[in-house]
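This is what each chain is made of:
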Amino acid sequence: MIDVPAALRCKLDDDKTTLTWKDAVLYALGVGMGRRDKEEERRYLYEMDEAFVPLPTLAFAPAFPLTIASLQADGLESVDPAAVVHGESEMIFHRGGAIPLNEELTSKGAITAVEDKGSGALITTTVDTFDTFGRKVFSNIFRNFARGAGGFSKEKRGKSARPPPPSLPSPSHVLLSEVVHTYDDQAYLYRLSGDYNPLHADFNIANAVGYERPILHGLCTLGICAASLVTHMMGGDPAPLRSIKARFSKPVIPGDSLRVVFYRDSGDSAEMVRFQCWAAKGRVEESRGDSSAFSRLVVTDGVATIDRAGKAKL
C-alpha cells in the first residue's frame, strides 16, 4: 500500500544534462517534423539553417529521468511500473520557450502530491531545471496514474460522475485546425529522446496491459500539438511561449491520424489558446472533410499561454 508521507519526504538526486543540436533534431524527427517535406519544418531539422530552433517541448528531456526515479521512491514500493500511464503534463517556460543548447542544465525534482483515485493513484512529480547561473529555465509537472494502486486513503470516496467529453469548439472560436499523420515507427523514434518505457516498444508488454500494440507516448502527442502551434500560429518562433499543458485522455496508436484544433473560448484572455486533439484509425486526409472519422479524443484540457508582446500570430 502506498505510504504518502514517505513518498512526499523522498529526496531525488539532482540530474545534470546538456542538450545539443542533435538532441533537438532527433526530438523534432520524433514528433513527425520532416515527414511532410514542408519548408517551414526545416528550421527544426537542420542545425545550419539560419532560423534553426529547438521545439519548446524538448524541455521534457532534462526533467524526465527524475519523474522515472520518483516512481521508485520510498513509499511507492507497491506501484507496478508496468501499470503506470502518463495522465497529464505541464511545462512552464520561465525565460520563454527558447530551449538553451550546449549549456549544462541541472534539474531538481520532488514528488509534490499523491492522490487516491480509487482505481489507482495519481502521482505528481515537479521538476525545475536551472542554467549554469542558477536561473530557473523551465519547470515540468508530470502527473502519472498508477493503475491498481488506489485504496490507500482513509477517507471514504463517493462515486463521482464523469463529466461529459468535450465537443468540438464552435467554428467561430477555432483559430486553427490541422490534420497530422503519425507513423507506424514513430514511437520507436520518439523514445530515443529519453522516454524508454517498454509500453511504447514491446508488443508483449502492450498486450499484457490491454493494448493491441505499443502505443504512442502522450508526450509525443503533446509535442505534435506544440509543433503545430509554434509553426502555424507563432511564426516558427517559440520564444513567446510561456506554458503549455494537456491531459492525455486516450492512447494514440502509431499510424493514427490526428486532428489538432486550437481555439479560444468567449472570455479567454488574448494570451490563452486552448486545444484538443482527436484521433482516427489509419490515414485520414483533411480534404475528405469527414470530421466524424476523428471520434477518439486523445488530448483534452489543452492550454497554451503566449506572451502577447511576442510575435505570436493570434
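Because the structure is predicted, anything quoted here is derived from the model rather than measured.

Participant: Can you tell me about the overall build of the chain, naming the residues and giving the values?
Facilitator: Broken down by element type, the chain carries six helices and 10 strands. In terms of its C-alpha atoms, the chain occupies a principal-axis envelope of roughly 55 × 50 × 45 Å. A buried classification covers 50% of the 314 residues belonging to the chain. Considering only contacts in the chain between residues 6 or more positions apart, those separated by 24 or more positions represent 75%. Split by element, the accessible area of the chain, about 14800 Å² in all, is 50% carbon and sulfur. Distance between charge centroids for the chain: 5 Å, based on 37 positive and 40 negative side chains.

Participant: So what's going on with the state of the cysteines? Which residues, and what values?
Facilitator: In total, this model carries zero disulfides according to the counting rule given. No disulfide involves C225; its nearest neighbouring cysteine sulfur is the one of C277, lying 4.4 Å away.

Participant: Before we move on, can you summarise the nonpolar core with the specific residues and values?
Facilitator: In terms of nonpolar packing, the biggest core is built from 75 residues, with I2 and L229 touching the most fellow members. With 10 residues, helix α6 (residues 218-233) is the largest single contributor of residues to this core. Ignoring anything within four residues of it in the chain, the contact list for I2 reads G75, L76, S78, V79, V114, A121, A149 and F152. Within the second largest apolar cluster, six residues are counted, among which are W278, V284, F294 and L297.

Participant: I'd like a rundown of the sheet that holds strand β9 (residues 272-280), residues and numbers included.
Facilitator: Spatial strand order, β1-β3-β4-β5-β2-β7-β10-β9-β8-β6: 10 strands in an open sheet with antiparallel pairing. Looking at which strands have only one partner, the edges of the open sheet turn out to be β1 (15-18) and β6 (174-181). Between one strand axis and the next, the sheet turns through 20° on average, direction left out of account. Bridge analysis of β9 against strand β10 (residues 296-306) gives seven bridges, and the strand direction is antiparallel. In the sheet register, A279 faces β10, and the bridge partner there is R296. Docked against the sheet, helix α3 (residues 60-70) engages β1, β2 (84-93), β3 (104-116), β4 (120-130) and β5 (136-147), running at close to 40° with respect to β5.

Participant: Give me the lowdown on the pattern of salt bridges, citing residues and values where you can.
Facilitator: When the charged atoms of two side chains with opposite charge come close together, those side chains can pair. In the structure shown here, the tally under the stated rule is 12 salt bridges. Notably, a salt bridge pairs R143 with E88, separated by 3.9 Å at the nearest N-O pair. Of this pair, R143 sits in strand β5 while E88 sits in strand β2, and the two are 55 residues apart along the sequence. With a relative accessible area of 22%, R143 lands in the partly exposed category.

Participant: Could you give me a rundown of α6, with the residues and numbers involved?
Facilitator: Look at α6: 22 Å from first C-alpha to last across 16 residues, which is about the 22 Å you get at 1.5 Å a residue. Most of α6 is tucked away: 15 of the 16 residues are buried. Looking one or two residues beyond α6, the residue adopting positive phi is G235, at roughly 65°.

Participant: If you had to explain the pairing of β9 to someone new, which residues and values would you point to?
Facilitator: Across the nine residues that make up β9, a large majority, seven, are buried. By the bridge criterion, seven bridges tie strand β8 (residues 257-263) to β9 in an arrangement that is antiparallel. By the bridge assignment, Y263 is partnered in β9 with R274.

Participant: Give a detailed account of the pairing of β3, specifying residues and quantitative values.
Facilitator: Two strands pair when backbone bridges link them, and β1 and β3 are joined in this way by four bridges, in the antiparallel orientation. Looking across to β3, one finds that T18 is bridged to E104. The pairing of β3 with β4 spans 10 bridges and is classified as antiparallel. The residue of β4 that forms the bridge with K108 is D128. Taking the residues between adjacent antiparallel strands as the criterion, β3 and β4 are bridged by three residues, where G118 takes a positive phi near 85°.

Participant: Provide a residue-level description of the confidence of the model for the chain, including the pertinent values.
Facilitator: The predicted model of the chain averages 90 in pLDDT, with 92% of residues at 70 or higher. Within the chain, helix α5 (residues 203-208) has the poorest average pLDDT of any element, 92, and helix α2 (residues 21-30) the best, 98.

Participant: Before we move on, can you summarise the side chain of N140 with the specific residues and values?
Facilitator: One can find N140 in strand β5. The exposure class assigned to N140 is buried, which follows from its relative accessible area of 0%. Reaching out from N140, the side chain makes a polar contact with the backbone oxygen of A59 at a distance of 3.1 Å. Sequence-distant contacts of N140, defined by excluding residues within four places in its chain, comprise A59, F60, A63, E90, M91, T125, T126 and V127.

About the cut-offs
Residues numbered from 1 in each chain as written. Predicted model: local features only at pLDDT ≥ 70, side-chain atom pairs only at ≥ 80, totals over all residues. Heavy atoms only, no water. Helix = DSSP H or I, 4+ residues; strand = E, 2+ residues; numbered from the N terminus. Buried < 20%, exposed > 50% of the residue type's maximum accessible area, 1.4 Å probe, protein only. Contact = heavy atoms within 4.5 Å. Areas by Shrake-Rupley, 256 points an atom, 1.4 Å probe, with all protein chains shown as cover. Lys, Arg positive; Asp, Glu negative; His and termini not counted. Charge placed at Lys NZ, Arg CZ, Asp CG, Glu CD. Disulfide = S-S within 2.5 Å. Core = buried A, V, L, I, M, F, W, Y, C linked by side-chain atoms within 4.5 Å. Pairing = 2+ DSSP bridges. Axes fitted to C-alpha atoms, helices over the stretch in contact; angles between N-to-C directions. Salt bridge = Lys/Arg side-chain N within 4 Å of Asp/Glu carboxyl O. Expected span 1.5 Å × (residues − 1). pLDDT = per-residue confidence, 0-100. Polar contact = N/O pair within 3.5 Å; in protein donor to acceptor, adjacent residues only side chain to side chain.

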